[in-house]
Amino acid sequence: MKFITVKELATKMKKTREIISKEKVIITWRGKPIAIIRPLGEDNFENAINDPMAAYGSKVTKKDLMKFKKAVEGFQKEAMKRGITEKDVEEAIAAVRKEQRDKNK
């Protein structure tokens, strides 16, 4: 996977277009990743639009999603047994996200 800056993307369009047509590219701005661009052709265009997982090149199957759903349900049941509320979970997630934002500043 290649890294291309926003400036390169804007100023060297022919070169970057050739790279993007062959492999996934991470776009960076001020040294930090801001987007991923992946090749898209006529053969996979329809899938990318209709199937969000395909849009990211994911190999996730329905069976995988069912396993994930069961795991989440198990976590929910365990949390209920321990008295952990949805609000507790949301607050914990918010705290971690804030910590990550502060770290990236």
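Refer to the structure above for everything that follows.
Residues numbered from 1 in each chain as written. Predicted model: local features only at pLDDT ≥ 70, side-chain atom pairs only at ≥ 80, totals over all residues. Heavy atoms only, no water.

**Description of unusual backbone geometry**
Positive phi is not limited to glycine here, since Arg30 has a value of about 55°. Inspection of the secondary structure assignment puts Arg30 in the loop between strand 2 (25-29) and strand 3 (32-37). (Helix = DSSP H or I, 4+ residues; strand = E, 2+ residues; numbered from the N terminus.)

**Structural notes on the pairing of strand 3**
On any regular strand, side chains alternate: one points to one face of the sheet, the next to the other face. Within strand 3, only zero of the six residues are buried, which leaves it mostly out in the open. Judged from the five bridges that link them, strand 2 and strand 3 form a sheet pairing that is antiparallel. Following the sheet pairing, Thr28 is matched in strand 3 by Pro33. (Buried < 20%, exposed > 50% of the residue type's maximum accessible area, 1.4 Å probe, protein only. Pairing = 2+ DSSP bridges.)

**What about the nonpolar core?**
By size, the foremost hydrophobic cluster in this structure holds five residues: Ile4, Ile19, Ile20, Val25 and Ile27. Those elements that provide at least two residues to this core are helix 2 (13-20) and strand 2. Filtering out sequence-adjacent residues up to four positions away, Ile27 remains in contact with Ile4, Val6, Leu9, Lys32, Pro33, Ile34, Ala35 and Ile37. (Core = buried A, V, L, I, M, F, W, Y, C linked by side-chain atoms within 4.5 Å. Contact = heavy atoms within 4.5 Å.)

**Concerning the sheet that holds strand 3**
Strand order in this open sheet of three strands is 1-2-3, and the pairing throughout is mixed. With one partner strand each, in any of the chains shown, strand 1 (2-5) and strand 3 form the two edges of the open sheet. Mean inter-strand twist for the sheet, computed between neighbouring axes without regard to direction, equals 35°. Lying on the sheet, helix 2 is in contact with strand 1, strand 2 and strand 3; it crosses strand 1 at an angle near 150°. (Axes fitted to C-alpha atoms, helices over the stretch in contact; angles between N-to-C directions.)

**Section: the side chain of Thr28**
Locating Thr28 in the fold gives a position in strand 2. Once residues lying within four places of it in the same chain are set aside, the contact partners of Thr28 are Phe3, Ile4, Thr5, Val6, Pro33 and Ile34.

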